[in-house]
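# Inside the fold
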Amino acid sequence: MVRITYSHYTDNREFVHRRLNTQSYDKACEIIDQYPWAHEVALFEELGAGGGFEFVLGDRKGPHAIFMLTPIEAERRGSLYLDVVAKTGVFNLLGRRSLSRDFHIVTADTAKAHLRELFEHSVEFIHEKHRPFKR
């Protein structure tokens, strides 16, 4: 199950947050495709604040993988960031296995391709795939 949280401004400038749980990769793609990219970027430039997406596999208190997508350009491009905790460790420190990866600016289609991992693989697999110093 993947928890999707996203926020954006409505046409009357109300900032709204949405959250849903899904096992459907197609549903995640639909949310990205229906997001008001141009409107959100324009209001960010005007107001200095904006919305974005968070896709979470697992529980933040335990093993989890999180993709964060922040709209940057009206042409459906944004900043994509991955945070993975494969093992929390003692006191959330000793023995912890985690990583962070910045994909920089990507298209919405590229982001969707990366998000597929959350629906098809485990947190452990995602950690191993993106681990920088593999043996």
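Since this is a predicted model, take the numbers as computed values, not measurements. (Residues numbered from 1 in each chain as written. Predicted model: local features only at pLDDT ≥ 70, side-chain atom pairs only at ≥ 80, totals over all residues. Heavy atoms only, no water.)

### Quick word on the pattern of salt bridges
Applying the stated rule across the entire model yields 13 salt bridges. When the shortest N-O distance is used, the salt bridge between K27 and E30 registers 3.5 Å. Here the residue K27 and the residue E30 both occupy positions in helix α1 (residues 25–34), the gap between them amounting to three residues, near one helical turn. For E30, a relative accessible area of 34% corresponds to the partly exposed category. A cluster of three or more residues bridged by salt bridges with shared partners is formed by D33, R76, D109 and K112. (Salt bridge = Lys/Arg side-chain N within 4 Å of Asp/Glu carboxyl O. Helix = DSSP H or I, 4+ residues; strand = E, 2+ residues; numbered from the N terminus. Buried < 20%, exposed > 50% of the residue type's maximum accessible area, 1.4 Å probe, protein only.)

### What to know about the nonpolar core
I32, F53, F55, F67 and L118 are the most contacted members of the largest nonpolar core, which has 29 residues in total. At the level of secondary structure, the elements contributing two or more residues to this core comprise β1 (2–9), α1, β3 (52–58), β4 (64–73), β5 (77–87), β6 (97–107), α3 (108–120) and α4 (123–130). Not counting residues within four places of it along the chain, the set of residues in contact with L118 comprises V2, F55, L57, A65, F67 and I126. (Core = buried A, V, L, I, M, F, W, Y, C linked by side-chain atoms within 4.5 Å. Contact = heavy atoms within 4.5 Å.)

### What about the packing of aromatic side chains?
Counted according to the given criterion, the structure contains eight aromatic pairs. Aromatic side chains W37 and F53 sit 6.0 Å apart centroid to centroid with 35° between the ring planes, which places their arrangement in the tilted category. Of the two residues, W37 is situated in helix α2 (residues 37–47) and F53 in strand β3; the sequence distance between them amounts to 16 residues. Grouping residues by exposure puts W37 and F53 together as buried. Among the aromatic side chains, those forming a connected cluster through ring pairs are Y6, Y35, W37, F53 and F55. (Phe/Tyr/Trp six-rings, centres within 6.5 Å; stacked < 30°, edge-to-face > 60°.)

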